[in-house]
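For reference, the chains in residue letters:
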Amino acid sequence: MKTIDVVGIGNALVDQEFEVSEDFLQKHDLKKGMMELIDEDAQNTLIAELSQLGELKKQSGGGSAANSLVAFAQFGGKAYYCCKVADDEAGMFYRQDLEKIGIETSLHQQKNPGTTGRCLVMVTPDAERTMRTHLGITADLSSAEIDDHAIAAADYLYIEGYLITSEIARGAIQHAKKVARENNTKLVMTCSDPAMVKFFRSGIDEILDGGVDLMFCNREEAELLTGQDDPQAALSVLLKQADTVAITLGKDGAVIANRERQVHIPGVPVKAIDTNGAGDMFAGAMLYGLTRNMSLEDAGRLASHAAAELVTEFGPRLDKDRQQQLIERVMDAQTA
């Protein structure tokens, strides 16, 4: 009997968010809109530069899959996260941050020396986010941090694309997939970032090997995966590897399809100030809808509204009360 809605596996990073100018990105040779990995010394140097610009806008326990699970749990779903942090101040903050939201983790079993990973999120005036990440100990996420019992008890296993930068983590993914398939747990993957498809394509192919039940990607990731610049054409290619595919299109909404039908989810007009976490929010909200037996249209509409709400403020999360109000408002509109 399934007792957990979604188990996620992904990086455990403390996100720190700053406002920056286009000139700042150019001065530090930071490629806009992309995530790149850097070492701890380089990150500390960048933090010193950012600290001169002004105060830290927001700090939270992050990582692509973690952001999705936070959204999922705050809507009311039951989530569990397999991840790795160090036995340091940041690691303690991360564990307590997720537990406060109601997400169970494998962290209570861990006492790891080292440094907890951190992601610097730099937001330009056009709301685009550029990230520089030092993975720290999360780069060593292995099968030892994967909770087989939790995966067996879950309806869905959600796999974060950022994990593929680590050979050890790629082994953990294969282990988790095996456990999921042996226990009829549906497989879900998110590409997480165009850089993962562009520079670590073999890792994405490993996740997709044997097929997945649900796949999330944005327009750029879909184009890189398929060579098709039209989302409709990209869908037909991706549906050979996933039973259901959701391609987010920014302000234009999303297209979602399975092998029987395709739906277009309209965008929600808002004034965006920070796109950090929008794709993660979309995935978390859509997963919530699917676990509550919503149709593709209804789950997609909830996801589109949630992502639009998120980009109107800083950070990859919404307040829980705001999420609850959002789902009531969206569901009331759907039944009207």
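Throughout this description, residue numbers start from 1 for each chain and increase along the sequence as written. With the structure being a predicted model, the display of local features is reserved for residues of pLDDT at least 70 and the display and counting of side-chain atom pairs for 80 or more, all residues being used for whole-chain, interface and lining totals. Calculation of side-chain values draws on the structure's entire complement of heavy atoms; hydrogens and water are dropped beforehand.

- The name recorded for the protein in an unreviewed UniProt entry is Adenosine kinase, from Idiomarina rhizosphaerae.
- Of the comments in the UniProt record for the protein, the one headed Sequence similarities (unreviewed entry) reads "Belongs to the carbohydrate kinase PfkB family." UniProt positions are given in the numbering used here, feature names are shortened, and annotations may be inferred rather than shown by experiment.

1. A short note on empty space enclosed by the protein
Part 1 of the reasoning: Definitions used for this entry: grid spacing 1 Å over protein atoms alone; cavity, a set of points where a 1.4 Å probe fits but cannot get out; pocket, an open set with protein on both sides within 12 Å along at least 5 of 7 lines; lining residue, one with an atom within 4 Å of a point. Grid points are joined across faces, edges and corners, and a volume is the space filled by probe spheres set on the points. Within the structure shown, the criterion is met by 1 cavity of 30 Å³ or more.
Part 2 of the reasoning: The space that makes up the largest cavity amounts to roughly 30 Å³.
Part 3 of the reasoning: Looking at the largest cavity, the residues that line it are Asn67, Val70, Ala71, Gln74, Met281, Pro316, Arg317, Leu318 and Gln323.
Part 4 of the reasoning: Ranked by the residues each element gives to the lining of the largest cavity, the list is headed by helix H3 (residues 64-75), at 4 residues.
Part 5 of the reasoning: Amino acids are sorted into nonpolar (Ala, Val, Leu, Ile, Met, Phe, Trp, Tyr, Cys and Pro), charged (Asp, Glu, Lys and Arg) and polar (every other residue, Gly among them). Residues belonging to the lining of the largest cavity are distributed by class as follows: 5 nonpolar, 3 polar and 1 charged. Under the scheme used here, helices are H or I runs from DSSP no shorter than 4 residues and strands are E runs no shorter than 2 residues, and both carry numbers assigned from the N terminus.

2. Re the UniProt feature "domain: Carbohydrate kinase PfkB" (unreviewed entry) in the protein
Part 1 of the reasoning: Under the UniProt annotation, the feature "domain: Carbohydrate kinase PfkB" (unreviewed entry) is placed at residues 49-318.
Part 2 of the reasoning: Overall, residues 49-318 shows 40% helix and 22% strand. The separation of its end C-alpha atoms is 28 Å.

3. Concerning the environment of Ala308
Part 1 of the reasoning: Structurally, the position occupied by Ala308 is in helix H12 (residues 296-310).
Part 2 of the reasoning: A C-alpha to C-alpha distance of 7.6 Å links Ala308 and Pro269, two positions 39 residues apart in sequence.
Part 3 of the reasoning: Not counting residues up to four positions away in its chain, the partners in contact with Ala308 are Val268 and Val270. Pairs of residues are marked as contacts when any of their non-hydrogen atoms sit within 4.5 Å.

4. Some words on the pairing of strand S13 (residues 254-258)
Part 1 of the reasoning: Under the scheme applied here, a residue whose accessible area is under 20% of the maximum for its type counts as buried, over 50% as exposed, and between as partly exposed, the area being computed with a 1.4 Å probe on protein chains only. Most of S13 sits out of view: 5 of its 5 residues are buried.
Part 2 of the reasoning: Burial along S13 is two-sided: Ala254, Ile256 and Asn258 facing one way and Val255 and Ala257 facing the other are all buried.
Part 3 of the reasoning: As defined by bridge partners, strand S12 (residues 242-248) adjoins S13 across 5 bridges and the pair is classed as antiparallel. Considered in S13, the bridge of Ile247 is made with Val255.
Part 4 of the reasoning: Whether two strands pair comes down to DSSP finding at least two bridges between them. Between S12 and S13, which follow one another and run antiparallel, lie 5 residues, and Gly250 among them has a positive phi close to 65°.
Part 5 of the reasoning: Sheet analysis places S13 next to strand S14 (residues 262-265), joined by 4 bridges and oriented antiparallel. When the bridges of S14 are listed, Ile256 appears paired with Val263.

5. Quick word on helix H6 (residues 167-182)
Residues spaced three or four apart along an α-helix face the same direction, because each turn holds 3.6 residues.
Part 1 of the reasoning: A helix is expected to span 1.5 Å multiplied by its residue count minus one. Under the 1.5 Å per step criterion, the end-to-end length of H6 is 23 Å for 16 residues, consistent within 8% with the ideal 22 Å.
Part 2 of the reasoning: For H6, the full list of buried residues reads Ala169, Arg170, Ala172, Ile173, Ala176, Lys177, Val179 and Ala180.
Part 3 of the reasoning: The backbone nitrogen of Ile168 lies 3.3 Å from a side-chain oxygen of the residue at the head of H6, namely Ser166.
Part 4 of the reasoning: Positive backbone phi, at 55°, marks Asn184, one or two positions downstream of H6. Whenever a nitrogen or oxygen atom comes within 3.5 Å of another N or O atom, the pair is scored as a polar contact, on the condition that within protein one atom can donate a hydrogen and the other can accept it, and that pairs from neighbouring residues in sequence are kept only if both atoms are in side chains.

6. With respect to the nonpolar core
For soluble globular proteins, the rule of thumb is that nonpolar side chains tend to be buried together.
Part 1 of the reasoning: Counting residues in hydrophobic clusters, the biggest one holds 55 residues, and the most contacted among them are Val7, Ile9, Leu157, Met215 and Ile247.
Part 2 of the reasoning: The greatest single-element share of this core, amounting to 6 residues, is contributed by H6.
Part 3 of the reasoning: When residues no more than four places from it in sequence are discounted, the contact partners of Leu157 are Val7, Ile9, Ile151, Ala176, Lys177, Ala180, Thr185, Lys186, Leu187 and Val188.
Part 4 of the reasoning: Here, nonpolar core means buried Ala, Val, Leu, Ile, Met, Phe, Trp, Tyr and Cys residues that are tied together by side-chain atoms lying within 4.5 Å of each other. Listed in part, the 50 residues of the second largest apolar core include Leu98, Tyr158, Val188 and Leu214.

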